[in-house]
Structure formats: C-alpha cells, structure tokens
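# An overview of the molecular structure
Here is how the chains run, residue by residue.
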Amino acid sequence: MSNTNPIGLFDSGIGGTSIWKEIHSLLPFENTIYLADSKNAPYGIKSKEEIIDLSIKNTELLLNKNSKLIVVACNTATTNAIKELRLKYKVPFIGIEPAIKPAANKTNTHTIGILATKGTLNSELFHKNVENFSDVKIIEQVGHGLVQLIENGDIESTEMTLLLKSYIEPMLEQNIDYLVLGCSHYPYLIPQLRKIIPTNVKIIDSGEAVAKQTQHILNQYKLTNSSNEQSYQHFYTNSDSKVLKTILKNDSTVFEKNF
Ligand code: DGL
C-alpha cells in the first residue's frame, strides 16, 4: 500500500462532502475519492441489511480505486454497517457517529436534542452510545424528508423551513442548549437552523472530530502522503451532478457514473 493512494469516502449522497471538506482542509496533500450514492438515497429509511449491502458495494468500488483508508461519511451507514465492513476488509475504516459526548458533557440545562435519520436513531450502536449519558435528557428527532430536499438542492425552500421548525421548536420548548446534527447532510442546514434557533443554543456536528481521527489513523498506519505533488480530489455520483457541483469548490473533479 503506497501512501500516495487516495483516502476513499462514501455517503448515501452529497451530505458526506461536509466531512470531506473538513478532511481536505486539515489534510490538503491527501488524494481523495468520494462516492455519492445519490441514486440510492436516502439510506435512513432502509433496512439494516440493505444498508450493509450498499456499504459493501461502495467499499468494493473504493478498494478497486486503491483506497488506503475508508471514511464512512454517513452516520446511517456507520451505525448500521461499520462492524460488518471491519470484519470483511483489512483496510482501516473511520466512521461518523452523532457527537453526543461533547454535547452531554457541556450541557447546562441537562437537555440536548439530536436530529438524525431513522436508521441512525434505531441502530444498536446509537442506543449503546446513548446509554453512557443517562444523566442527560436526550430528545431524539428523526429528520424525515430533510435528506431528499438537500439532495434536490432545496435547502432554502419554504418546505425546508417548515420541516425544520416542526422538528426543532418542540426541542426548544423542552429547553435544549445543544443540538447535535447526527447526519452528514445536515451541516448544510446550519444557516437555516440559525434563523430558527436562538444564539444560546449551540449546534454541533462531527466533521472536525472525524478529520482529526483520520489524521491520527493515517499517522498510526504510516499512511500519510508525504509527496509534494499537487493532490487530486475526485468525486463520483450515480445521479445528476448539478447539486454536488454547486456545493464543491471549483478545483474538484466530478464524474457522473453508474455504480
Ligand atoms: N448522510 C447520511 C447520514 O449521515 C444520510 C442518510 C440518508 O441517506 O438517509 O446519515
């Protein structure tokens, strides 16, 4: 395995680019390959078996492109499939899980909210994580419909604002002081959320922590890219690339491909 090989990332769609952005900003010399499985989005309403099958399909594609490490840039795929992926493949995997710990440790109202997919909130891994914080009230809310609207590029639509209000206002009434974004699509909603949520309520996601963990694992496995060559950033989508292109920087290369 060469350290110039790319980091592979996958998500059910364009949301995991929020994780890619954090990784690229911390590790700009790393080559990356990102798979947006938008054709199969949303994963959050699928069965565990379906999520495992799709995660295996994405992993095989990334391994065929010589990925040295794989970031599962999707909470739903991580919480449902990362155990199976680690058992099946030798490559190191980094997963993303809702950042409950930092919110639970810092809350003053002892009440935090979490917005995530049904697949994440129903997963065994998520339940185990929550059990560690029994002294904090954790209000769980499924973000029905949000991923589809983001995938369609309808982030600033009235429909989005109404959905977000219906999910967030009941949490505010219960006095949350932290809102955990437990889906890698949701950081793209922060500007909309900030219009609904008072400034004393903090919004947190897992992007920065995942980037730091990626850096740590690359060092540990001696896989950090030490080449001085300009890195490449390749994105593959199995759907229309329009929305993906609008959320990426110009220096990225986007391919439409059936996978
Ligand atoms: N980005 C995925 C996540 O982090 C969205 C899942 C979905 O497609 O429903 O959970």
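Look up: the structure comes first, before these words.
A brief structural summary.

Attention now goes to the overall build of the protein. In terms of helices and strands, the protein carries 11 helices and 10 strands. Over its C-alpha atoms the protein spans a radius of gyration of 18 Å, differing by no more than 12% from the 18 Å that the globule rule assigns to 259 residues. In terms of principal-axis extent, the alpha carbons of the protein reach across some 50 × 35 × 35 Å. Taken across its 259 residues, the protein has 55% of its residues classed as buried. In the protein, of all internal contacts separated by at least 6 residues, the share reaching a separation of at least 24 is 74%. Carbon and sulfur atoms make up 48% of the accessible area of the protein, which amounts to about 12100 Å² in all.

So, on to helix α3 (residues 75-88). An ideal rise of 1.5 Å per residue puts 20 Å on 14 residues; α3 measures up with 19 Å between its terminal C-alpha atoms. Where α3 bends most, at A81, the angle is about 65 degrees. Those residues of α3 lying buried are N75, T76, A77, T78, T79, N80, A81, I82 and L85.

Consecutive side chains of a regular strand alternate in pointing toward one face of the sheet and then the other. With five of five residues buried, strand β1 (residues 7-11) lies mostly within the body of the structure. Residue alternation in β1 divides its side chains into two sets, I7, L9 and D11 and G8 and F10, and both sets are buried. Here five bridges tie β1 to strand β2 (residues 32-36), and the two strands are oriented parallel to one another. From the neighbouring strand, D11 faces β2, where its bridge partner is A36. A crossover links β1 with its parallel partner β2, the connecting element being helix α1 (residues 17-26), and its sense is right-handed.

Along the chain, A41 connects to P42 via a cis peptide bond; the corresponding omega equals 0 degrees. With respect to the helices, strands and loops of the structure, P42 is situated in the loop between β2 and α2 (48-64). Located in the positive-phi region is N66, a residue other than glycine, with phi close to 65 degrees. In this structure, N66 sits in the loop between α2 and β3 (69-72). Here N66 falls in the partly exposed class, since its relative accessible area comes to 47%. Residue N175 is not a glycine yet carries a positive backbone phi of 75 degrees.

What follows deals with the site of the ligand. Not every one of the 13 residues close to the ligand is listed here, only the nearest: S12, Y43, G44, T76 and H185. Between the ligand and the protein, one listed contact pairs an oxygen atom with a side-chain N or O atom of S12 at 2.6 Å. Residues of the shell around the ligand, tallied by class, amount to five nonpolar, seven polar and one charged.

Procedures and definitions
Within any chain, residue numbers begin from 1 and follow the written order of that chain's sequence. Thresholds applied to this predicted model are a pLDDT of at least 70 for local features of residues and 80 or more for the giving and counting of side-chain atom pairs; totals over whole chains, interfaces and linings are not thresholded and use all residues. Working from all heavy atoms in the structure, the side-chain values ignore hydrogens and water. Strands here mean DSSP runs of E at least two residues long; helices mean DSSP runs of H or I at least four residues long; both are numbered from the N terminus. For this measure, only C-alpha atoms enter the radius of gyration; the expected value for a globule follows 2.2 Å times N^0.38, where N is the number of residues. Each residue gets one of three labels from its accessible area relative to the maximum for its type: buried under 20%, exposed over 50%, partly exposed in between, using a 1.4 Å probe on protein chains only. Contacts are residue-level and defined by heavy atoms, with any inter-residue pair within 4.5 Å sufficient. All accessibility values rest on the Shrake-Rupley procedure with a 1.4 Å probe; residue burial counts only the protein chains present in the view. One fewer than the residue count of a helix, multiplied by 1.5 Å, yields its expected span. By definition, a residue's bend is the angle between the axes fitted to the seven residues ending there and the seven starting there. Strand pairing requires that DSSP identify at least two bridges connecting the strands. For crossovers, right-handed means that the path from the first strand over the helix to the second runs clockwise, given strands pointing away from the viewer. Distances are taken per atom, and a residue is near a molecule or strand as soon as one of its heavy atoms is within 4 Å of it. Any N or O atom pair separated by 3.5 Å or less is treated as a polar contact, with the protein-specific requirement of one donor-capable and one acceptor-capable atom, and with residues adjacent in sequence counted only for side-chain atom pairs. Any residue outside Ala, Val, Leu, Ile, Met, Phe, Trp, Tyr, Cys, Pro, Asp, Glu, Lys and Arg is labelled polar, Gly included; the first ten of those are nonpolar and the last four are charged.

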